[in-house]
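As a plain string of letters, each chain reads:
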Amino acid sequence: MKTHIPYVKPSSTDIELGYVRDAVENGWGKKCYDYIHRFENAFKNYLGVKYAMTTSSCTGSIHIGLAALGIGPGDEVILADTNWIATAAPIVYLGASPVFVDILPDTWCLDPDLVKAAITPRTKAIIAVHLYGNLCEMSTLLEIGEQYGVPIVEDAAEAIGSVYHGKRAGSIGAFGSFSFHGTKTITTGEGGMFVTNNKDLFDKACILNNHGRNPTQVKQFWPDLIGFKYRLSNMQAAFGCGQMDRIDELTKRKREILNFYKKALNDEPDITLNPELTGTINGAWMPNVVFKKNMGVSRAMLQEAFKAENIDARVFFYPLSELPMFDRPNPNSMATSISQRAINLPSFHEITLEEQSRVVKVLKSLIPAR
Ligand SMILES: *Cc1c(COP(=O)(O)O)cnc(C)c1O
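All residue numbers refer to position in the chain's written sequence, counted from 1. Under the rules for a predicted model, residues below a pLDDT of 70 receive no local features and side-chain atom pairs below 80 are neither given nor counted, while totals for whole chains, interfaces and linings still include all residues. Processing note: side-chain calculations cover all non-hydrogen atoms of the structure and skip hydrogens and water entirely.

**Student:** Explanation requested: the overall build of the protein chain in the structure shown.
**Tutor:** The number of helices and strands found in the protein chain is 12 helices and 13 strands. For this measure, only C-alpha atoms enter the radius of gyration; the expected value for a globule follows 2.2 Å times N^0.38, where N is the number of residues. Radius of gyration (C-alpha) of the protein chain: 21 Å, near the 21 Å computed for a compact globule of 370 residues. For the protein chain, the spread of C-alpha atoms along the three principal axes comes to 75 × 55 × 35 Å. Buried residues are those whose accessible area, probed at 1.4 Å on protein chains only, stays under 20% of the maximum for their type, while exposed residues exceed 50% and partly exposed ones sit between those limits. Burial status across the protein chain gives 56% buried among its 370 residues. Contacts spanning at least 24 positions in sequence make up 70% of the contacts within the protein chain whose residues lie at least 6 apart. In short, Shrake-Rupley with a 1.4 Å probe defines the accessible areas, and a residue's cover is counted only from the protein chains shown. Surface exposure of the protein chain reaches about 16500 Å², of which carbon and sulfur atoms provide 54%. Residues counted as positive are Lys and Arg, residues counted as negative are Asp and Glu, and His and the chain ends are not counted. Note on charges: their place is set at NZ of Lys, CZ of Arg, CG of Asp or CD of Glu. Across the protein chain, the centroid of the 38 positively charged side chains sits 2 Å from that of the 39 negatively charged ones. Strands here are runs of E lasting at least two residues and helices are runs of H or I lasting at least four, both read from the DSSP assignment and numbered beginning at the N terminus. Contacts are assigned to residue pairs that have any heavy atoms within 4.5 Å of one another.

And the structure:
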């Protein structure tokens, strides 16, 4: 049996361990928020935003952000059909309806024309998910948002390190949400971040994430409304501080891994990987290959070929519209088509050239002779 190649795993060093050890030994009482504030400040500086609040997950951050925007029963929220469920679930928690629109063939993100067509008087937000590190067409989406008075928010869980015309992904919309799940470019085990430049929205989000307790409230244990409790611990934040010390190294390495695949597959005109459009930098969280339609390479064939070589390969997200709780499939969509002929590639930071070459070999073996 060939050695196993995992698809992702965290990168941890003595830097992270040192901070976590300090948090465990000393980070209590008056110091119980020290690493949390340090992590938030480091993240804020990296992203170039005014406000940042740690959360226990990206799901929680999206839930809080949408609630702070006032989204509730009867409202509609537009997002791309190709997504992880975590982006859609908070819409449902709030009693609103997700509206799925198709993706663009090159970026695999929201098609702005279809977003425009999906807007109704009930549309209260548009979530731009920067899929696999690729970037949504933010300037067009912001124009549409402006025209219809609908906020654009960013799910940047997969896009730390991605830059859109000089601005970091997650720093552009009404708010941005990040994930530090163990599969993401930087991790805290589980965790997330809520960022914004809007002070009112930030204050609301902070109150919501503290069980509705307002910092101006003088009475102790006196919540003013029903809120949430999606908080990160100081120990997890300590790990995150170590990851932020290494953020440039970690994102650079992700890009190197994607670029190796791109170079190795450069002479194959019928397969495409994550694009990097003019004026953007792809943070390269997850390299994906998409085979051209006429090649006859299916999701099942890809999974089988990688399994035979003991390599983890995860499927490209199924369209959310196909899931049983939504059940409004659109069989002719780009979201359906691409997911049937694409696959995630291994991209953990310590992957070796030999391991990446094994992955490339599997892909090449599937390409029919021309
Ligand atoms: C990972 C991910 C999330 C969820 O993050 P959690 O921290 O696990 O809640 C949300 N959206 C996208 C696009 C993701 O990839």
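Now that the structure is up, let's keep going.
**Student:** Where do I start with the pairing of strand β2 (residues 76-80) in this structure?
**Tutor:** Side chains on a regular strand alternate between the two faces of the sheet. Where burial is concerned, most of β2 is hidden: 5 out of the 5 residues are buried. Going residue by residue along β2, you find E76, I78 and A80 tucked away on one face and V77 and L79 tucked away on the opposite face as well. Considered for its hand, the β-α-β crossover made up of β2, helix α4 (residues 85-93) and strand β3 (residues 97-101) is right-handed. Any two strands with at least two DSSP-identified bridges between them are counted as paired. Of the pairings in the sheet, the one linking β2 to strand β4 (residues 123-129) comprises 4 bridges and is parallel in character. Opposite V77, over in β4, you have A125 as the bridge partner. The handedness of a crossover follows from its direction of travel: if, with the strands pointing away from the viewer, the path from the first strand over the helix to the second runs clockwise, the crossover is right-handed.

**Student:** Teacher, can you tell me more about a nonpolar patch on the surface here?
**Tutor:** Among the surface-exposed residues, V24, W28 and M235 lie close enough to one another that they form a single nonpolar patch of about 280 Å² accessible area. If you trace the backbone, V24 turns up in helix α1 (residues 14-26). Patch rule: a residue counts if its relative accessible area is over 30% and it has no salt bridge; like charges are joined within 9 Å, and nonpolar side chains (Val, Leu, Ile, Met, Phe, Trp, Tyr) within 5 Å. Only one rule defines a salt bridge in this text: a Lys or Arg side-chain nitrogen within 4 Å of an Asp or Glu carboxyl oxygen.

**Student:** Just checking my understanding: could you explain the nonpolar core for this structure?
**Tutor:** Across soluble globular proteins, you tend to see nonpolar side chains buried next to one another. Counting residues in each nonpolar core, the largest one holds 90 residues, and the members touching the most others are F43, L66 and F178. With near-sequence residues (within four places) excluded, F43 lies in contact with I160, F178, F180, I186, M193, V195 and M244. Nonpolar core, defined: a set of buried Ala, Val, Leu, Ile, Met, Phe, Trp, Tyr and Cys residues in which side-chain atoms within 4.5 Å join the residues together. Membership of the second largest hydrophobic core comes to 27 residues, among which are L273, A305, A313 and I351.

**Student:** How do you make sense of the site of the ligand when you look at a structure like this?
**Tutor:** Every one of the 13 residues lining the ligand counts as a neighbour, but T59, D155, E158, S179 and K184 are closest to it. N or O atoms within 3.5 Å of each other form a polar contact, as long as, within protein, one can give a hydrogen and the other can take it, and as long as residues adjacent in sequence are counted only when both atoms are side-chain atoms. Contact between the ligand and S179: an oxygen atom at 2.7 Å from a side-chain N or O atom of the residue. Between K184 and the ligand, the recorded distance is 3.2 Å, taken from a side-chain N or O atom to an oxygen atom. Whether a residue is near a molecule or strand is decided by its heavy atoms; if any one of them lies within 4 Å of it, the residue is near.

**Student:** Honestly, helix α8 (residues 234-245) in this entry has me stumped. Any pointers?
**Tutor:** Side chains of residues three or four places apart in an α-helix project in the same direction, reflecting 3.6 residues per turn. Taking 1.5 Å as the rise per residue, α8 with 12 residues should run 16 Å; its terminal C-alpha atoms sit 16 Å apart, in good agreement. The element α8 is extensively covered by neighbouring structure, given that 9 of its 12 residues are classed as buried. All of the buried residues along α8 are N234, A237, A238, F239, G240, C241, G242, Q243 and M244. Lining the buried residues of α8 we find α1, α2 (34-47) and α9 (247-264). To estimate the expected span of a helix, subtract one from its residue number and multiply by 1.5 Å.

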